[in-house]
Amino acid sequence: MIGDGFPPFSMDQRSRFDLSTYVGRVKHFYEITDPRTLLKSSPQIEQARDLIQAFKDGKDVGVPNAELWKAKALCDSALHPDTGEEVARPWRFSAFGPVNVPIAAMLLFPSTNPLFVLGSQFINQTYNVLVNYNNRNASSHMSLQTLATAYGAAVTASGGIAIGLGKLASKIKSNTPLMVAMKRAVVPYIALVCAGVVNLALIRQSELTHGVSVYAEDGTELGKSKLAGRDAIEKCALVRALWCIPICLPPFIMAQVEKIPVIRANKRLAFAVELLVIFSCVSLFCVDFLHVHFQSKAVSLCDLSLISCDGSCRFKSEFHRLLQHSHRGTVCQWMF
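A few points on the structure.

As a further point, take helix H2 (residues 42–56). Here H2 spans 21 Å end to end across 15 residues, near enough to the 21 Å set by a 1.5 Å rise per residue. Close packing links the buried residues of H2 with helix H3 (65–78). The first or second residue beyond H2 is Gly-58, which carries a positive phi of 80°.

And the structure:
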């Protein structure tokens, strides 16, 4: 660290925080998903990009170290990591909190109307697919057919489960504040998790059938591994289940807040407080669950079954034996 509290700026570092630690990953994501970055204009974003590019080119940028890190954080927040183009504000991850306030409010609304339940799930999955599409890997070969299939399956799964569980929940006679909160929270939670897992399985099914790229510590691609692909998808599924938890916390919090006489007597005030609670849960706590796992994992090469780098063959024992021999003791990693 230098005097301004920032480490020396370097393009070799993805972040000014230590991404090998959970706390560092959370701080990094809080920084690049800060909703205040949505207020930055296109000229300001362009200025930050030019500043970082000038530093890359070895020019004397003549700005404090902290300004370089802030410019990089703004670029990471507003620009597509592969194309470098500005992502429209609604589809940036920094807009996730504000945009999800009305969406979460609809998902948590205690309605038994099938059209309302299906409509809220439809809006949620539509927003998710638009965010994923606008932030997709530029080298992704995912077809529109695959994307449409995953989208349709997610909407069907979430809507069907929400309607079905909603009918079951309505048969529960108990109407204590805790039970009402559970009905409002558990039904959308299960629907969201199931939809997320279905969507994940369909979009990333090639990682199960063809494997994911595995790299040595120096960045050299060693091959593809189905075991690594399965491990990555399992961890992503777990994270999706975890990061839906904060979205379903508001009913339990409001069950306690509504005991306050002033709030209980004023429905408009109660609604405003609930929106604030939803925004706080989505903006503050989702990030905490999102970074339970690091984005890459290091293991010994002998723990993986690899496929050749050129994709021309499936697992071949000779290729695997030669690869292990030439990289004996190598620690390799893959991205989740």
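Still more to cover.
Moving on to the side chain of Arg-184. The topology assignment puts Arg-184 in helix H7 (residues 177–203). Taking the relative accessible area as the measure of exposure, Arg-184 reaches 15% and is therefore buried. Looking at Arg-184, its side chain comes within polar contact range of the main-chain oxygen of Leu-108, at 2.8 Å.

All right, on to empty space enclosed by the protein then. Here the structure, examined in full by the defined rule, presents one cavity of 30 Å³ or more. In this model, the largest cavity occupies a volume close to 40 Å³. What lines the largest cavity is Arg-14, Ser-15, Arg-16, His-28, Glu-31, Ile-32, Trp-69, Lys-72, Ala-73 and Asp-76. Breaking the lining of the largest cavity down by element, the ones donating at least two residues are helix H1 (22–32) and H3. The biggest single contributor to the lining of the largest cavity is H3, with four residues. Of the residues in the lining of the largest cavity, the class split is three nonpolar, two polar and five charged.

Turning next to the packing of H7 against helix H9 (residues 226–243). Between H7 and H9, the least distance of the axes is 9 Å, while the angle of their chain directions is 155°. Taken together, the axes of H7 and H9 lie roughly antiparallel to each other. Pair H7 / H9 crosses with right-handed handedness. Where H7 approaches H9, its residues Tyr-189, Val-193, Gly-196, Val-197, Asn-199 and Leu-200 are matched on the opposing element by Ile-233, Cys-236, Ala-237, Arg-240 and Ala-241. Here the contact of H7 with H9 is built from residues that sort into eight nonpolar, two polar and one charged.

Membership of the largest hydrophobic core comes to 18 residues, with the highest contact counts inside it found for Phe-96, Tyr-127, Leu-192, Ile-247, Ile-278, Val-282 and Cys-286. Looking at this core, the elements that each hand over two or more residues are helix H4 (96–108), helix H5 (114–134), H7 and helix H12 (267–290). The element that contributes the greatest number of residues to this core is H4, accounting for six residues. When near neighbours in sequence (up to four residues on either side) are disregarded, Tyr-127 contacts Pro-90, Trp-91, Arg-92, Ala-95, Phe-96, Val-99, Asn-100 and Ile-103. With 14 residues, the next largest nonpolar core counts Phe-9, Leu-51, Leu-74 and Leu-79 among its residues.

Bringing the layout of surface pockets into the picture now. In this structure, the second largest pocket spans a volume of roughly 550 Å³. Forming the walls of the second largest pocket are 16 residues, and the residues nearest its centre are Thr-37, Lys-40, Lys-70, Ala-71 and Leu-74. The set of elements that each furnish at least two residues to the lining of the second largest pocket consists of H1, H2 and H3. The element contributing the most residues to the lining of the second largest pocket is H3, with five residues. Looking at the lining of the second largest pocket, its residues break down into seven nonpolar, three polar and six charged.

What counts and how
Residues numbered from 1 in each chain as written. Predicted model: local features only at pLDDT ≥ 70, side-chain atom pairs only at ≥ 80, totals over all residues. Heavy atoms only, no water. Helix = DSSP H or I, 4+ residues; strand = E, 2+ residues; numbered from the N terminus. Expected span 1.5 Å × (residues − 1). Contact = heavy atoms within 4.5 Å. Buried < 20%, exposed > 50% of the residue type's maximum accessible area, 1.4 Å probe, protein only. Polar contact = N/O pair within 3.5 Å; in protein donor to acceptor, adjacent residues only side chain to side chain. 1 Å grid on protein atoms, 1.4 Å probe; cavity = no way out; pocket = protein on both sides within 12 Å on 5 of 7 lines; lining within 4 Å. Points joined across faces, edges and corners; volume = space filled by probe spheres on them. Nonpolar A, V, L, I, M, F, W, Y, C, P; charged D, E, K, R; others polar. Axes fitted to C-alpha atoms, helices over the stretch in contact; angles between N-to-C directions. Parallel < 35°, antiparallel > 145°, perpendicular 65-115°, else oblique. Left-handed = near helix turned anticlockwise from the far one by under 90°. Core = buried A, V, L, I, M, F, W, Y, C linked by side-chain atoms within 4.5 Å.

Remember, this is a structural readout, not a statement about activity or role.
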